[in-house]
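Residue-level structural notes
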Amino acid sequence: MLRISKIVDYGILVLTHMAARPTHVCSAADLAASLGLGQPVVSKVLKLLAQHRLVASTRGAHGGYRLERAADLISVAEIIDALEEQPFGLTECTAMPGACSVESGCHIRTHWQRINLIVRRTLESVTLADMLDEGGPAPASVAAAGAVRPIPNTPNWSLSK
């Protein structure tokens, strides 16, 4: 099953909260209280995001964190890259080439690489601003009826060459 980690989920939650108030400087304590998360987790997320220049920190009595750039200029892929310990990849060989002992003779590796590229490009095309959109994804009943709101700039999902 493909699943993002808790730290990425929390990071996107923190960033969307900050993006909703782009001029507001947020403290880790305020973010934790507003989002119902532990302050140590929020502090860890903010530290990693600051290291990757997604948020900027200000010291002092009125200090805190704000987005480093506009929400429409921050991709979900950048957030994942900032918060995950390993490079993005759906399989071991797409994340860290050379890590798999059967990699050189694997007959499905090129297919995983194509799938990985499609997923990566999609994550790059979805911005923090898209995640902030209050329209959000359609409920399952609406999606089943075919009325799904498209994500802007979504690449072609075809696996054909």
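1. Some words on the overall build of the protein chain
On a plain count of helices and strands, the protein chain comes out with 8 helices and 2 strands. Here the protein chain holds 161 residues, and 33% of them are scored as buried. When contacts within the protein chain are restricted to residue pairs at least 6 apart in sequence, those whose partners lie at least 24 apart make up 60%. Surface summary for the protein chain: the accessible area is close to 10200 Å², and the carbon and sulfur share equals 56%.

2. A closer look at the nonpolar core
Counting residues in hydrophobic clusters, the biggest one holds 33 residues, and the most contacted among them are Leu15, Met18, Leu49, Leu67, Ile79, Leu83 and Leu128. Only helix 1 (6-19), helix 2 (28-35), helix 3 (39-51) and helix 4 (76-83) provide two or more residues apiece to this core. Among the elements that take part in this core, helix 1 stands out by supplying 7 residues, more than any other. Here Leu128 is in contact with Ile12, Leu15, Thr16, Ala19, Leu67, Ala71, Ile74 and Ile79, once residues within four sequence places are set aside.

3. As for helix 6 (residues 109-125)
Because the α-helix completes a turn every 3.6 residues, residues three or four places apart line up on one side. Here helix 6 is 17 residues long and its end C-alpha atoms lie 24 Å apart, about the 24 Å a rise of 1.5 Å per residue gives. Listed in full, the buried residues belonging to helix 6 are Arg109, Asn116, Ile118, Arg120, Thr122, Leu123 and Ser125. Residues of helix 6 that are buried sit in contact with helix 4, helix 5 (92-95) and helix 7 (128-132).

4. Regarding the pairing of strand 2 (residues 64-67)
Two faces, one strand: in a regular strand the side chains alternate between the faces of the sheet. Summarising the sheet, strand 1 (residues 55-58) and strand 2 pair through 4 bridges and their orientation is antiparallel. By the bridge assignment for strand 2, Val55 is matched with Leu67. Hairpin connection between strand 1 and strand 2: a loop of 5 residues separates the two successive antiparallel strands, and Gly60 in this loop has a positive phi of roughly 115°.

5. Looking at the pattern of salt bridges
Throughout the structure, instances matching the rule amount to 3 salt bridges. Across the pair Arg120 and Asp81 runs a salt bridge, and its minimum N-O distance is 2.6 Å. In this pair, Arg120 is assigned in helix 6 and Asp81 in helix 4, connecting sequence segments 39 residues apart. Because the salt bridges share partners, they merge into one network encompassing Asp81, Arg120 and Glu124.

6. A few points about the packing of helix 1 against helix 3
A pair of packed helices is characterised by two quantities: the angle between their axes and the separation of those axes. Remark: helix 1 packs on helix 3, axes separated minimally by 10 Å, with the N-to-C direction vectors making an angle of 80°. As far as their axial angle goes, helix 3 and helix 1 are roughly perpendicular. Residue-level contacts link Ile7, Tyr10, Gly11, Val14, Leu15 and Met18 of helix 1 to Val41, Lys44, Val45, Leu46 and Leu49 of helix 3. Of the residues assigned to the contact of helix 1 with helix 3, the class counts are 9 nonpolar, 1 polar and 1 charged.

7. A short note on the environment of Asp130
Looking at where Asp130 falls in the secondary structure, it is placed in helix 7. Among the residues examined, Asp130 registers a relative accessible area of 22% and is labelled partly exposed. Residues Asp130 and Val76 lie 54 residues apart in sequence; the distance between their C-alpha atoms is 9.4 Å.

8. Here's the deal with the environment of Ala32
Note that Ala32 resides in helix 2. Residue Ala32 is classed as buried on the basis of its relative accessible area of 5%. Placed 10 residues apart in sequence, Ala32 and Val42 show a C-alpha to C-alpha distance of 6.1 Å. Leaving out residues up to four positions away in the same chain, Ala32 has contacts with Leu37, Gly38, Gln39 and Val42.

So, how was this worked out
- Residues numbered from 1 in each chain as written.
- Predicted model: local features only at pLDDT ≥ 70, side-chain atom pairs only at ≥ 80, totals over all residues.
- Heavy atoms only, no water.
- Helix = DSSP H or I, 4+ residues; strand = E, 2+ residues; numbered from the N terminus.
- Buried < 20%, exposed > 50% of the residue type's maximum accessible area, 1.4 Å probe, protein only.
- Contact = heavy atoms within 4.5 Å.
- Areas by Shrake-Rupley, 256 points an atom, 1.4 Å probe, with all protein chains shown as cover.
- Core = buried A, V, L, I, M, F, W, Y, C linked by side-chain atoms within 4.5 Å.
- Expected span 1.5 Å × (residues − 1).
- Pairing = 2+ DSSP bridges.
- Salt bridge = Lys/Arg side-chain N within 4 Å of Asp/Glu carboxyl O.
- Axes fitted to C-alpha atoms, helices over the stretch in contact; angles between N-to-C directions.
- Parallel < 35°, antiparallel > 145°, perpendicular 65-115°, else oblique.
- Nonpolar A, V, L, I, M, F, W, Y, C, P; charged D, E, K, R; others polar.

Coordinates in, geometry out; function isn't part of it.
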